[in-house]
Amino acid sequence: MLKSVVRTVGAALRLPTASTSTTRALPLNCPTLCSANAATARTFTRSLWMMNGNGASGYRPKLFTTKVLNPSASCGCGAMHTEGDKAFGEFLFDEIKEEKKIQKSGTLPKISGGWELSMDGTEALLTKRVAGEKITVTFNVNNSILPNFAEEADQGEQKSGEEPEILSTPNFVVEVTKEAVKETLVIDCQFLQDELAHGEEEESDIFGIFEVSFQPEGDTEWKETSYTLTKDSLNDSLYDHMMDFLADRGVDNTFADELMELSTAIEHQQYIKFLEELKTFVKCN
Amino acid sequence: MGVVVRNLQKVVPLRRARLRKDVNTLRHILGIHKFDLGVVCVDNRRIQHINNIYRKKDEPTDVLSFPFHEGLRPGKMPCPLHRDELNLGDIFLGVEFVMRQCQEESTDLHEALTVVTAHGICHLLGYRHETEEEWSEMLQKESYILREYNRLTGQHLLPMMKPCHQERTLSHR
């Protein structure tokens with residue numbers, strides 16, 4: 001239970017909109033931080049200071065101890081180590097243990113169709129060569145968790161005993177390069193969230209094309225001056241031909257499904273790795 | 001808006017452009033090109049689920065039609081009052097079911113899908129095959145559509161409905 005809530009918060013925090021709105025909303029809703037209450041806040045601070053004993057003569061009951069303010073342990077690194085840090089480290093230890101328990105496999109799932117996978121942090125690159133063409137698919141697992149996951153966990157909509165499944169559905173970019181041509185056709189694809197979010201009753205495709213443009217071959221900078229076809233300017237027939245073009249190169253519904261599985265596994269792997277780094281950072285040993 | 005094609009399945013490799021072209025040819029033949037139409041391609045699992053919900057038949061099938069205009073008299077075009085009503089409805093194609101049939105009969109999938117779609121559009125236009133009279137009326141319409149289709153494309157497609165004295169095997173609507 002605790003694990004799922006934490007995972008939810010983790011997912012929500014990785015969503016830029018969720019974290020931003022919370023941070024911005026706080027000062028407006030918190031009266032002690034408003035200037036109109038400054039006088040009250042000042043008096044209150046003084047009373048607390050006096051109760052703490054440092055600013056008063058004679059016996060006063062101590063409200064605060066110095067434990068919170070000063071390091072309670074040291075390890076030679078010279079940094080602060082509080083009781084809170086210790087609890088945080090213990091919590092992370094348990095969290096990592098739980099996450100490892102639900103990790104489906106230590107190895108990443110394969111994508112069928114002769115794709116080779118390489119990784120750079122949170123970014124994955126799938127490559128294959130077919131008959132004089134190089135096809136690559138790149139995606140980044142950051143901010144790729146479905147937003148409805150967090151909502152459902154909050155609303156308690158899932159059946160008791162069942163944790164909501166976390167799915168990573170990143171945008172992915174397909175690049176097709178023909179050996180004889182110096183340009184690369186770049187097709188920006190996205191998972192269509194409605195279908196995934198609301199289950200089987202929705203009638204949208206699994207993924208769709210959102211942008212198409214030609215770019216210079218290789219790792220040169222993105223050419224903003226290249227004409228870009230957007231989803232809205234793609235007519236239906238052109239869109240269907242583009243989807244058939246992708247399917248001929250192995251990017252179809254099956255591929256999208258397998259990419260989702262792969263991305264979910266990578267995201268989980270990265271999450272555990274992050275927790276481990278955080279534990280080391282907090283505990284410093 | 002025209003034809004909305006959706007491919008919700010991964011069992012059958014579909015050619016979306018070919019499917020759209022064939023559906024547009026059928027619309028042209030029937031003179032319904034100003035009406036929107038949805039064509040949703042699904043696998044056996046999903047069409048069985050829909051068949052069970054709407055027809056209480058827990059089995060996969062080839063096509064299910066959901067007309068926008070209820071109670072149309074066969075052959076009478078809908079008379080829309082607003083832009084929103086320029087819509088015929090949706091056809092769910094059981095592409096996996098059709099593919100299995102094609103494998104058994106060694107026929108082409110996309111040709112079979114054209115025949116099945118023509119049948120589905122007839123249902124959207126009010127045709128039924130509950131009685132012999134309805135059956136005959138619908139067979140006549142389907143035969144006309146495919147005759148015209150064959151004339152325009154040089155193909156040799158036959159209606160999926162058999163003449164009424166033969167066994168009725170259609171399990172969809």
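Residues numbered from 1 in each chain as written. Chains lettered and ligands numbered in written order. Predicted model: local features only at pLDDT ≥ 70, side-chain atom pairs only at ≥ 80, totals over all residues. Heavy atoms only, no water.

- Per an unreviewed UniProt entry, chain B is named YbeY metalloendoribonuclease, and its organism is Hippocampus comes.
- Recorded in UniProt under Cofactor (unreviewed entry), the annotation for chain B is "Zn(2+)".
- In its Sequence similarities (unreviewed entry) section, the UniProt record describing chain B reads: "Belongs to the endoribonuclease YbeY family." (UniProt positions renumbered as here; feature names shortened; annotations may be inferred.)

- Going by what an unreviewed UniProt entry lists, chain A is known as Complement component 1 Q subcomponent-binding protein, mitochondrial and is assigned to Hippocampus comes.
- Recorded under Sequence similarities (unreviewed entry), the UniProt text for chain A is reproduced unchanged: "Belongs to the MAM33 family."

### Some thoughts on the packing of aromatic side chains
Each aromatic ring pair is specified by the distance between its two centres and by the angle formed by the two planes.
Argument step 1. The tally for this structure, following the rule as stated, stands at six aromatic pairs over all chains.
Argument step 2. Relative to B:Phe66, the ring of B:Tyr54 lies with its centre 5.0 Å away and its plane at 75 degrees, an arrangement referred to as edge-to-face. With B:Tyr54 in helix 2 (residues 44-55) and B:Phe66 in strand 3 (residues 63-67), this pair connects stretches of sequence that are 12 residues apart.
Argument step 3. In textbook terms, an aromatic cluster arises when at least three aromatic residues are bridged by ring pairs, as seen for A:Trp115, A:Phe172, A:Phe191, A:Phe207 and A:Phe255.
Argument step 4. Lying over the aromatic face of A:Phe245, A:Arg249 brings its terminal NZ or CZ to 3.7 Å of the ring centre. (Phe/Tyr/Trp six-rings, centres within 6.5 Å; stacked < 30°, edge-to-face > 60°. Helix = DSSP H or I, 4+ residues; strand = E, 2+ residues; numbered from the N terminus. Lys NZ or Arg CZ within 6 Å of the ring centre and 35° of its normal.)

### Section: the sheet that holds strand 4 (residues 172-178) of chain A
Across a sheet, strands are paired by hydrogen bonds formed along the backbone, either parallel or antiparallel in direction.
Residue and element names in this part refer to chain A.
Argument step 1. If you trace the seven strands from one edge of the open sheet to the other, you get 1-2-3-4-5-6-7, paired in antiparallel fashion. Bordering the open sheet on either side are strand 1 (116-120) and strand 7 (228-230), each of which pairs with just one other strand. Here the average twist between neighbouring strands, direction ignored, is 20 degrees.
Argument step 2. Direction of pairing for strand 5 (residues 183-191) relative to strand 6 (residues 207-216): antiparallel, over a ladder of nine bridges. Paired with Leu185 across the two strands is Phe214, which belongs to strand 6.
Argument step 3. Each of strand 4, strand 5, strand 6 and strand 7 is contacted by helix 7 (residues 236-248), which is oriented at about 80 degrees to strand 6, the strand it contacts most.
Argument step 4. Strands strand 1, strand 2 (123-130), strand 3 (133-140), strand 4, strand 5 and strand 6 of the sheet are contacted by helix 8 (residues 253-283), whose axis makes an angle of about 45 degrees with strand 3. (Pairing = 2+ DSSP bridges. Axes fitted to C-alpha atoms, helices over the stretch in contact; angles between N-to-C directions. Contact = heavy atoms within 4.5 Å.)

### Some words on the pairing of strand 4 (residues 87-94) of chain B
All names here are of chain B.
Argument step 1. For strand 4, the tally of buried residues reaches six of eight residues, placing the bulk of the element in the interior.
Argument step 2. With seven bridges connecting them, strand 2 (residues 36-42) and strand 4 associate as parallel partners. Within the sheet, the bridge partner assigned to Leu37 lies in strand 4 and is Gly89.
Argument step 3. Of the pairings in the sheet, the one linking strand 3 to strand 4 comprises five bridges and is antiparallel in character. Bridge pairing in strand 4 places Phe66 opposite Asp90. (Buried < 20%, exposed > 50% of the residue type's maximum accessible area, 1.4 Å probe, protein only.)

### Looking at the packing of helix 4 (residues 83-102) of chain A against helix 8 of chain A
Residues and elements named next belong to chain A.
Argument step 1. It is the contact of helix 4 with helix 8, at a shortest axis distance of 9 Å, that shows an interaxial angle of 160 degrees. By the criterion of interaxial angle, the relationship of helix 4 to helix 8 is roughly antiparallel. Regarding helix 4 and helix 8, the two cross each other, and that crossing is left-handed. When helix 4 is examined against helix 8, the residues Asp85, Phe88, Gly89, Leu92, Phe93, Glu95, Ile96, Glu99, Lys100 and Ile102 are found in contact with a partner set consisting of His268, Tyr271, Ile272, Leu275, Glu276, Leu278, Lys279, Val282 and Lys283.
Argument step 2. In the contact of helix 4 with helix 8, the residues fall into 10 nonpolar, two polar and seven charged. (Parallel < 35°, antiparallel > 145°, perpendicular 65-115°, else oblique. Left-handed = near helix turned anticlockwise from the far one by under 90°. Nonpolar A, V, L, I, M, F, W, Y, C, P; charged D, E, K, R; others polar.)

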